[in-house]
Amino acid sequence: MKDFFRHNGILILIAAILVALITAVVSMLLGGIANPFANLAGIISTPVRNGISAVTNWVEERYSDAFEQEQLKDELEALKQENAELKAKEREYDAALQENERLRNALDLRPKERSFDQLESAMVTARSTSNWESSITLSKGSSMGIEVDDCVVDEYWNLVGVVAEVGENWCTVRTLIDANIEMGGQLVRTGGAAILEGDLALMGEGKLKLSYLPENSQLMSGDLVITSGRGGVYPSGLVAGHVEEVRTDASGMTEYAVIVPETDLDNLQQVLVIKDFNIVE
Amino acid sequence: MTRQDFLIKWGVYALALLPVWFCEVFLLNRFPLFGVAPMLLPLAAIAVAVLEGTVAGAGFGLGVGILCDAVYFNPDGAMTVGLCLLGVGAGALSQYVVRQNLVGCLLCSLLALACIDGVRILANLLTGAAALPVLLSLAGREIAWSMVFVLPVYALFLWVFRRVPKKTVL
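What counts, and at which threshold
Positions within a chain are numbered from 1, following the residues in the order the chain's sequence is written. For naming, the first written chain is A and the first written ligand is 1, with later ones following in the order written. Totals for whole chains, interfaces and linings use every residue, but because this is a predicted model, local features are given only for residues with pLDDT of at least 70 and side-chain atom pairs only at 80 or more, for both listing and counting. Counting from the N terminus, the helices are DSSP H or I runs at least four residues long and the strands are E runs at least two residues long. C-alpha atoms define the radius of gyration, and 2.2 Å times the number of residues to the power 0.38 defines the globule rule. Buried means a residue has 20 or more other C-beta atoms within 10 Å of its own C-beta, exposed means 12 or fewer, and partly exposed covers the counts in between; C-beta atoms are placed from the backbone. Think of it this way: build a C-beta for each residue from its backbone, and any pair within 7 Å is a contact. Here the rule is simple: two strands pair whenever DSSP picks up at least two bridges between them. Only the contacting stretch of a helix is used when fitting its axis, a line to C-alpha atoms as for every element, and angles between N-to-C directions run 0 to 180 degrees. Each residue receives one of three labels: charged for Asp, Glu, Lys and Arg, nonpolar for Ala, Val, Leu, Ile, Met, Phe, Trp, Tyr, Cys and Pro, and polar for the others, Gly being one of them. By our criterion, buried Ala, Val, Leu, Ile, Met, Phe, Trp, Tyr and Cys residues that link up through C-beta atoms within 7 Å make up a nonpolar core. Per residue, pLDDT measures the predictor's confidence, with a range of 0 to 100.

A. A look at the overall build of chain B. Per the secondary structure count, chain B includes seven helices and zero strands. Helices (α) and strands (β) of chain B occur, in sequence order from the N terminus, as α-α-α-α-α-α-α. The globule rule puts the C-alpha radius of gyration for 170 residues at 15 Å, and the 16 Å found for chain B is close to it. Referenced to the eigenvectors of the C-alpha coordinate spread, the extents of chain B come out at roughly 55 × 35 × 30 Å. Each of the 170 residues in chain B was classed as buried or not, and the buried ones make up 49%. Long-range pairs, those at least 24 residues apart, make up 67% of the contacts in chain B with a sequence separation of at least 6.

Below, the structure written as structure tokens:
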């Protein structure tokens, strides 16, 4: 330790404390906007991340082509059958929609409206490096108008997460299974409202929980859960996942449902960032 | 050691850090084992501290800590101070308590990872994010999986250590 005190070891420690303080204070003050160190690292590494992401995606696609053809054939058959069933349902929905429109006109109600005019497509360029949070990094940032709290969905409009940190040409998205996620959820079958929240224990399994369940809610495995949009921060109607099972918490007093996300978080390549939305229910 | 030697030495160490960073950020997090990915950057800081001693351990720990806070999500500066202190600690341990070899590096890495995850557990307990058994399970799996990588990381930095000037004076 003599060497440490003789050879400027204390100065290195002081420098570390100062850098840490600056990082902490700047991160706190900027509130979601990346601090200068992180922004610079992000700007420099974004092209590298894009390249690596493109290469790994290409390798995964070749692997899939080579070894998963049988599975793809089965999936295609199942999808054809599902498509036929959905077409039959669509005919029923068309009739119901027309009836709904007639009734709305008769009651002079404001027409329902869902518009997501400002969407930004982005590539997933990196995934969480820590086991204590779940996040993905995207190839677009503040230069494309992306802001903190923007919702991110996949190509099927399943919820992926919420933008948590924005840099110049990149942003980090907290996925919906992250322990710090909390947003309003709604059960499609019963209409009951609850809270979708991440849980550290479930995060490792790629799941989240639906807590504050409505009283006497008879949940069934497979019940679809969507965002409720309460509070106006996040849009309503985005599919979060489906109920897997109902568990009782450690206190034994309350129940929560384990939700399996609809989106495939491990294999996401391209996502859409909802920069602005207008919903009239 | 001349100024040029000094710059070359730490430039080479920085270059050796690149594949470690690449593996952690782009490769190993895609293939988690038991639901966790390993922590490699702290292992790099500890390996250099074990080989080079307290002063160099603190300096390299500071550099790696800044890199961690820059590339990890939600930076709070904790890794900068933490890895600098762990570098000093690992350097001191390797000078006075354990040998400057793989076994010493394994012990120092285990202690360092336990310290990092200990702080995370405390922080999560204070915020009420999860129960202690859940946090201990996550930390245990993370430390166990990370320890597997001590050997390759140590081997990489030992290879660099044998090819750069030895005495570091700031």
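Still more ground to cover, so stick around.
B. Local environment of the overall build of chain A. Secondary structure assignment for chain A yields five helices and twelve strands. Its C-alpha atoms give chain A principal-axis dimensions of roughly 85 × 50 × 40 Å. Counting over 281 residues, chain A shows a buried share of 36%. Of the contacts made within chain A by residues no fewer than 6 positions apart, 58% connect residues no fewer than 24 positions apart.

C. Spatial organisation of the sheet that holds strand β6 (residues 182-187) of chain A. All names here are of chain A. With respect to topology, six strands assemble into a closed barrel ordered β6-β7-β8-β11-β10-β9, the strand pairing being antiparallel. When strand polarity is set aside, the average angle formed by the axes of neighbouring strands in this sheet is 40°. Both strand β7 (residues 193-197) and strand β8 (residues 208-211) contribute to a ladder of three bridges, which runs antiparallel. The partner of I195 across the bridge, within β8, is S211.

D. Seen up close, the environment of S211(A). Residues and elements named next belong to chain A. Along the polypeptide, S211 turns up in strand β8. Residue classification places S211 among the partly exposed positions, given that 17 C-beta atoms sit within 10 Å. Sequence separation of S211 and V246 is 35 residues, and the distance between their C-alpha atoms is 10.0 Å. Discounting chain neighbours no more than four positions away, the residues touching S211 are A194, I195, E197 and Y256.

E. Representation of the interface of chain A and chain B in the model. Opposite the 39 residues of chain A that make contact, chain B presents 41 residues. Elements supplying a minimum of two residues to the side of chain A that touches chain B: α1 (2-6), α2 (9-30), α3 (36-67), β1 (113-127) and α5 (200-203) of chain A. Of the residues forming the side of chain A that touches chain B, the biggest block, twelve residues, is contributed by α2(A). For the side of chain A that touches chain B, a count of residues per class yields 21 nonpolar, 13 polar and five charged.

F. Structural context of the pairing of strand β10 (residues 239-248) of chain A. All names here are of chain A. Alignment of strand β9 (residues 224-227) against β10, held across three bridges, turns out to be antiparallel. The partner of I226 across the bridge, within β10, is V239. Summarising the sheet, β10 and strand β11 (residues 255-261) pair through seven bridges and their orientation is antiparallel. Residue pairing for β11: V243 is matched across the bridge by I259.

G. Fine view of the nonpolar core. Residue and element names in this part refer to chain B. Among the nonpolar cores identified, the biggest contains 106 residues, and A44, A45, I46, A47 and V48 are the most heavily contacted of them. It is helix α3 (residues 54-71) that provides the largest number of residues to this core, a total of eleven residues. When near neighbours in sequence (up to four residues on either side) are disregarded, A47 contacts C105, V153, Y154 and F157.

H. Structural context of the confidence of the model for chain B. Looking at chain B, the pLDDT average stands at 88 and 95% of residues meet or exceed 70. Predicted complex, confidence summary: ipTM 0.80, pTM 0.78.

I. Structural view of the environment of G118(B). Mapped onto the elements, G118(B) comes out in helix α5 (residues 102-127). In this structure the C-alpha to C-alpha distance between G118(B) and A16(B), which are 102 residues apart in sequence, comes to 28 Å.

J. Spatial organisation of the pairing of strand β2 (residues 135-138) of chain A. All names here are of chain A. Burial of the side chains of β2 extends over both faces: S135 and T137 are buried on one face and I136 and L138 on the other. In the sheet, β2 pairs with strand β5 (residues 171-175) via four bridges, with the strands oriented antiparallel. In the strand pairing of β5, L138 is matched with C171.

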